[in-house]
Amino acid sequence: MAILVTGGAGYIGSHAVQRLLRDGRDVLVVDNLMRGHQEAVRRLEPKAGSSARLAFARLDINSRPALEKLLRDHKVDSVLHFAALAAVGESVQDPLLYYHNNTAGMVSLLQACDAVGVTRMVFSSSCATYGQPPATHGPVGEDCPQNPISPYGATKLHGEHLLRDYMMGCNLAKKPFAYAALRYFNVAGSDRTGLIGEVHDPETHLIPVILQHALGKRPHVGIFGTDYPTPDGTCIRDYVHVEDLIDAHVKVLEALKPGDERHYNLGIGTGYSVRQIIDGVRRVTGKELKVVEQPRRPGDPPQLFNNPAKIQRELGWKAQVTSLDETIESAWRFMKNHPNGYAG
Ligand code: UFG
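In this text, all values refer to a predicted model and were calculated from it rather than measured experimentally. (Residues numbered from 1 in each chain as written. Predicted model: local features only at pLDDT ≥ 70, side-chain atom pairs only at ≥ 80, totals over all residues. Heavy atoms only, no water.)

Caption draft 1: Looking closely at the site of the ligand. Close to the ligand lie 21 residues, the nearest being Leu-206, Gly-222, Arg-237, Arg-297 and Asp-300. Within the side chain of His-205, one N or O atom sits 2.9 Å away from an oxygen atom of the ligand. A distance of 2.8 Å separates an oxygen atom of the ligand from a polar backbone atom of Leu-206. Here the ligand loses 91% of its free accessible area of 680 Å² to cover by the protein chains. Those elements giving two or more residues to the shell around the ligand turn out to be α7 (206-214) and β8 (221-224). (Near = heavy atom within 4 Å. Polar contact = N/O pair within 3.5 Å; in protein donor to acceptor, adjacent residues only side chain to side chain. Areas by Shrake-Rupley, 256 points an atom, 1.4 Å probe, with all protein chains shown as cover. Helix = DSSP H or I, 4+ residues; strand = E, 2+ residues; numbered from the N terminus.)

Rendered as structure tokens:
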């Protein structure tokens with residue numbers, strides 16, 4: 001029995017593959033390499049003598065017959081579904097690309113899973129499904145209304161609804177199935193061995209953008225908006241370390257019993273402002289940083305940080321990395337060693 005990791009060549013998916021192989025699991029990676037890096041998967045090949053096996057297929061999850069055959073050949077019974085496009089701004093410019101990859105892709109994946117009798121799926125959802133909670137909103141719990149304000153957020157909510165509705169069909173047909181939708185806050189950092197990390201092209205995420213500036217690859221860091229109703233005027237986010245995030249996936253997958261429908265937020269429960277992140281990068285890298293204050297970026301909620309109580313109460317999971325500097329250090333280690341991403 002193998003676990004299918006869709007999007008396993010991407011930033012978060014590759015960290016999942018690494019963890020599963022460490023745990024001795026057989027893994028099938030399916031990735032169309034539109035944004036993923038085959039080199040990330042290559043680096044994770046198990047050492048001789050390891051009981052775990054890793055298989056890789058370059059395939060789009062929309063290619064259903066081929067996907068179904070792969071699932072059958074590898075006897076897949078569980079799925080971690082990361083494959084998706086995930087840039088909010090891009091989704092506004094090209095919504096159909098997002099509906100095709102994320103929404104239609106997930107229909108195809110569920111059809112293939114249904115055909116071969118997959119029993120468990122953990123889906124990468126997003127706090128983008130919450131849209132823009134009021135500026136006065138405190139920590140966001142799972143009961144916060146889901147009103148996405150971008151096509152990206154909408155596709156993640158579609159994913160949750162697809163699972164909910166597929167589950168109803170399974171219950172009627174008495175097919176054993178269980179799923180969890182995990183709503184990520186801002187995922188950051190890299191694996192502690194420095195082997196794999198965050199590589200996007202173009203990079204838009206705050207921590208890697210500042211680190212690229214620290215490396216001299218950008219002339220400055222722009223702060224998108226300094227007049228938000230927050231203590232220092234810049235946006236507040238919850239940065240969860242990627243290895244903690246994956247640990248939650250493993251715990252959730254283990255906990256899933258037939259008939260389960262689980263929804264959890266994944267974040268540390270503390271928010272940091274853009275200025276605090278920039279100060280953190282100054283501390284960790286010891287570099288002077290040139291900061292340019294810029295207008296707000298459309299669609300950015302002023303503050304978004306998690307209430308982590310539910311998953312802690314139900315599964316005993318909480319983020320181990322709660323030090324901002326530790327998260328930044330791990331991202332910096334990877335970036336210093338890979339200034340050109342996986343190309344060198
Ligand atoms: N920011 C800057 N300058 C930059 C880059 C970002 O000031 O050069 C600011 C943004 O305006 C935002 C904060 O830093 O206030 C974080 O921005 P990111 O782009 O790193 O992350 P987002 O919070 O926009 O997006 C993240 C995930 C998405 C997810 C979204 C949900 O990356 O996948 O949270 O809100 F959908």
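Don't stop here, the text continues.
Caption draft 2: Fine view of the side chain of Ser-14. Mapped onto the secondary structure, Ser-14 falls in helix α1 (residues 11-22). There is a polar contact of 3.1 Å between the side chain of Ser-14 and the backbone oxygen of Tyr-11. When near neighbours in sequence (up to four residues on either side) are disregarded, Ser-14 contacts Gly-7, Gly-8, Ala-40, Leu-44 and Ile-196. (Contact = heavy atoms within 4.5 Å.)

Caption draft 3: Quick look at the pairing of strand β1 (residues 2-6). Of all five residues in β1, five are buried; the element is thus mostly enclosed. Where burial is concerned, the two faces of β1 agree: the one with Ala-2, Leu-4 and Thr-6 and the one with Ile-3 and Val-5 are both buried. Examined bridge by bridge, β1 and strand β2 (residues 26-31) share five bridges and lie parallel to one another. Among the inter-strand pairings, Ile-3 is bridged to a residue of β2, identified as Val-27. Handedness of the crossover joining β1 and β2 through α1: right-handed. Of the pairings in the sheet, the one linking β1 to strand β4 (residues 76-81) comprises five bridges and is parallel in character. Across the sheet, residue Ala-2 finds its bridge partner in β4, namely Val-76. (Buried < 20%, exposed > 50% of the residue type's maximum accessible area, 1.4 Å probe, protein only. Pairing = 2+ DSSP bridges. Right-handed = clockwise from strand over helix to strand, strands pointing away.)

So yeah, pure geometry; function would need other evidence.
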